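Chain and residue survey
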Amino acid sequence: MEGGLGGNTVPPNSCDKSKVLDVKPLRSLVPVFPEASEGPPLVCVPPNGPFPSGFSPFFPFSGPQGSQSTPDLNQNDFNSTAVPIRSFRPETLASNGQLVSPMDTYGSHKHKSVGLSERDDGNRELVENVLLRFDALRRKLSQMEDAKESHSGIIKREHLKAGNIMLSKGVRTNMKKRIGVVPGVESGDIFFFRMELCLVGLHSQSMAGIDSMVIKGDLEGERVALSIVSSGVYDDDAEYPDVLVYSGQGGNASRDKEASDQKLVRGNLALEKSLHRANEVRVIRGLKDAVHQTSKVYVYDGLYKIQETWMEKGKSGCNMFKYKLVRIPGQTGAFATWKSIQKWKEGLSSRVGLILPDLTSGAESTPVSLVNEVDDEKGPAYFTYLSTVKYSKSFKLVQPSFGCNCRDACQAGNSNCSCIQKNGGDFPYFLNGILVCRKPMIYECGPSCPCFRNCKNRVSQTGFKVHFEVFKTSDSGWGLRSWDPIRAGTFICEYAGEVIEKIKARQDGGDGENNEYVFHTNRLYESFKWNYETELVGEESSGTTEDFDIPSPLIISSKKSGNVARFMNHSCSPNVFWQPIMYEHNNETFLHIAFLAKRHIPPMTELTYDYGISHLDETESNNVDYGGKKCLCGSPKC
C-alpha cells in the first residue's frame, strides 16, 4: 500500500534492529536488552529525535520531519465512508488551548476558533458557527461536483465529505455525551443533514437512529438512550405533536437477508433501560422538505420521556419493539408548529388572526398571508405592490451591457458564456438555486439572454418559493416570516421599490426618522464570514473578499411601492443578508438587491437583516439608530 508500513522493504540508511535487540516473540512480554559487548548502550529518545551522536532514527521516522504528504481533498477517490466519530481528534493545539487550523486563516474575516473546552461544551454562538462553516464547505463541494460530468452515475455525498473534513479538523462542539439539554441547541432548530446533528453533539450517530451512553459510576454499567431520530425508516406513529410511538431498530429486510424479529440489544436495550430510569431523551423528527421534495429536514423537538414499551407485529410480519415517548411540558413549540402549518396549507383549519390570504393580490406566484394576533390593527399603511425594483430612465447606474449567447442552458465552464465568465467561470448557484458564496457582485442571465427561462443562473428573477406571512409583532410593527423551513443560501426575495437619487431621499426623509422603508447600499454594515475556507478544498488562499463592489451608491425607497422585503426588521444577529446582483435587459445592466438566508431558518421565525449605520450616525452620535429607529432586536450583540 502506497505510503503504508506493509511489506518487507527496509528503507536505506536505517538501523538493523536485530543488532540492537535480540528479537523474541511478543508473547514473552519480557524486555531483552543487549549485552555491553553486543553494541552501544540503549538510549531513550522520542521517535523524531533529537538523537545523540552515533545514533540515527529508524523506520518509519527515518525521513525528514514534516515530509509527510497531505492528501488531496479534491481527489475523485476520496473515501467519504462514515467512520466512528470518536476516532476524530483535532490536529494541533496552541498554548491557549485553541485549535490551530487552516480554517482560521481565510482573508480578513476569520471564523472563531473552537477552543479545547468548547469542543466538549458549546454555546449558541459556537453551534451556529460550526453549522455555518459546515454548510459553506458542503455548498462548495456540491458546486465542484455539479460542474463535473452530470451523467457519471456516481451518488453524490458531499455532506459526508464535508463532515469528515470538519471532524478531522476538530471543528465541532458538544463532544461530551450527556443526558438532556445540549448547550447551544434549542427546541425547534432545524438541520438538513444527519452530519449536522453529529457536529453539534445533538445525535452522534450518523446512521443509527438511537444514540446511547453508559452511565459513569453505575455498578451495573447500564447503557441508556440519549436521543432518537424518527425519520420514517420504521413504522413510527408521528401523528400527534407531543407524543411519539417509536419503533425499535433492527430486523429489516435487505438484499441478502429476510426480515426477522427485533432483539432486545444495543439501542433497543438502551431505550428499555431509559424507561426504568425515567431519563430524558432528545427527539429529532425527520420530515419531508416542502420546498425540496427529494430532501428531508430534521427538526429537534425537545426532550421526551419514555412512558411505556411493548412488542407487536410489524408490516413484515415479524415482531418489533414499540416505545411510547411523551414530550415534557413547558418547552418551545417545534413539531407542533409544523403540524399547525400543515393544517393551514391543507385548509383543515383556519389561520388565527388572518386578515388577508394574499397581500400581493396575485402579483407573486406564492401567496403572502397578512396576520395580526396582537391587536385590532387591520394592516399596514397602503402601498403599491411591486415584485421588482423600479428604475427611472435617467438613473446613472444603468450601464451598457450585453448578455450571453447560449441557445439552451448555460453550462459551468463554458468559455463562450459571457455571464458565467463574469462570475469567474462558475455558476453562483447550484442545484435548487442555493447560493454557493457571497461575491462582490453576482452576474445573472437577464431577460435578453437567449438561454432557457429555467436557466439556473436566473435565481433572483424567478420569484420566491416559500410561503411568507406578514405579521404584527409585539413591539416592532409589522414583520416577515415563513411557513416553510429555509435552507442557508436560499433566495428569499428582492428588495423592490423605487430607485431614487440621494437628494430625493433627503426630501422624502429617506435618511431620517420619517421614512423607515428605505435601503441604502452606502451604509456601514457589520462584516461577517460566510464563505468556505479555500484550504479545505485544495485551493490556495487567494484573499478574495466578501465585501461588495458596487459601481455607485444605490438608494431604494419602498415607502409608496415595494414588496415583502419592506416588512423585514433589523437585527444585530440577523438570519438574512443582502447580495448585489446585476443582469442585462435591453442592452443595459441593472443592479438589484437580493436577500438570502444566512443560516437555516425554522418555520415561523422572523426574518431579519442588518439595516446598517449611516455615516452621520457613526461620526456624530453615540446613540446609533438603525433606519431611524431604536433597535429592539433583543440580540446579545445589540
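Cut-offs and rules
- Residues numbered from 1 in each chain as written.
- Predicted model: local features only at pLDDT ≥ 70, side-chain atom pairs only at ≥ 80, totals over all residues.
- Heavy atoms only, no water.
- Phe/Tyr/Trp six-rings, centres within 6.5 Å; stacked < 30°, edge-to-face > 60°.
- Helix = DSSP H or I, 4+ residues; strand = E, 2+ residues; numbered from the N terminus.
- Buried < 20%, exposed > 50% of the residue type's maximum accessible area, 1.4 Å probe, protein only.
- Lys NZ or Arg CZ within 6 Å of the ring centre and 35° of its normal.
- Pairing = 2+ DSSP bridges.
- Axes fitted to C-alpha atoms, helices over the stretch in contact; angles between N-to-C directions.
- pLDDT = per-residue confidence, 0-100.
- Contact = heavy atoms within 4.5 Å.
- Salt bridge = Lys/Arg side-chain N within 4 Å of Asp/Glu carboxyl O.

Some thoughts on the packing of aromatic side chains
Counted under the stated rule, the structure contains 18 aromatic pairs. An angle of 55° between the planes, with centres 5.2 Å apart, marks the rings of tryptophan 344 and tryptophan 483 as tilted. Taken together, the residues span a long stretch of sequence, with tryptophan 344 in helix α6 (residues 335-346) and tryptophan 483 in the loop between β17 (478-482) and β18 (491-494) at a distance of 139 residues. There is no split in this pair, since tryptophan 344 and tryptophan 483 are both buried. Site record: aromatic cluster; members linked through ring pairs are Tyr495, Phe519, Tyr525, Phe548, Trp578, Phe595, Tyr609 and Tyr611. One residue, arginine 285, lies across the ring of phenylalanine 335, its end atom 4.0 Å from the ring centre. Of note, arginine 438 hangs over the ring of phenylalanine 528, and the distance from its end group to the ring centre comes to 4.0 Å.

Here's the deal with the sheet that holds strand β9 (residues 368-371)
Here four strands make up an open sheet; going across it, the order is β8-β9-β16-β17 and the pairing mixed. This sheet does not close on itself; its edge strands, each paired only once, are β8 (354-356) and β17. Each adjacent strand pair in this sheet contributes to an overall mean axis angle of 35°, direction not counted. Where β8 meets β9, two bridges bridge the pair, whose relative direction is antiparallel. Paired with leucine 356 across the two strands is leucine 370, which belongs to β9.

Regarding the sheet that holds strand β21 (residues 555-557)
Within a sheet, neighbouring strands are paired by backbone hydrogen bonds and run either parallel or antiparallel to one another. Overall, mixed pairing links the four strands, which are arranged β11-β19-β21-β20 in an open sheet. Strands at the two margins of the open sheet, each flanked by one partner only, are β11 (389-390) and β20 (518-520). Of the strand pairs in this sheet, β11 and strand β19 (residues 497-500) are connected by two bridges, and their pairing is parallel. Note on β19: the bridge partner recorded for valine 389 is glycine 497.

Quick notes on the confidence of the model for the chain
Close inspection of predicted coordinates is inappropriate for parts of the model with low pLDDT. Summing up the model confidence of the chain, the mean pLDDT is 79 and the portion of residues at 70 or higher is 74%. Per-residue pLDDT stays below 50 along residues 58-108; that stretch engages in 93 contacts with residues further than four places along the chain or on separate chains. Throughout residues 619-623 the model reports pLDDT below 50, and contacts reaching past four residues in sequence, or to other chains, amount to one contact.

Overview of the pairing of strand β3 (residues 223-230)
The buried count for β3 comes to seven of eight residues, which makes it a mostly enclosed element. Pairing between strand β2 (residues 210-214) and β3: five bridges, direction antiparallel. Bridged to valine 214 within β3 is arginine 223. As paired strands, β3 and strand β5 (residues 281-288) are joined by four bridges and run parallel to one another. Paired with serine 227 across the strands is arginine 282, a residue of β5.

Details of the pattern of salt bridges
Overall, the coordinates contain 24 salt bridges when judged by the stated rule. Between glutamate 222 and arginine 277 there is a salt bridge; the shortest N-O distance is 3.0 Å. With glutamate 222 in the loop between β2 and β3 and arginine 277 in helix α5 (residues 266-277), this residue pair connects regions lying 55 residues apart in the sequence. Among the residues examined, glutamate 222 registers a relative accessible area of 14% and is labelled buried.

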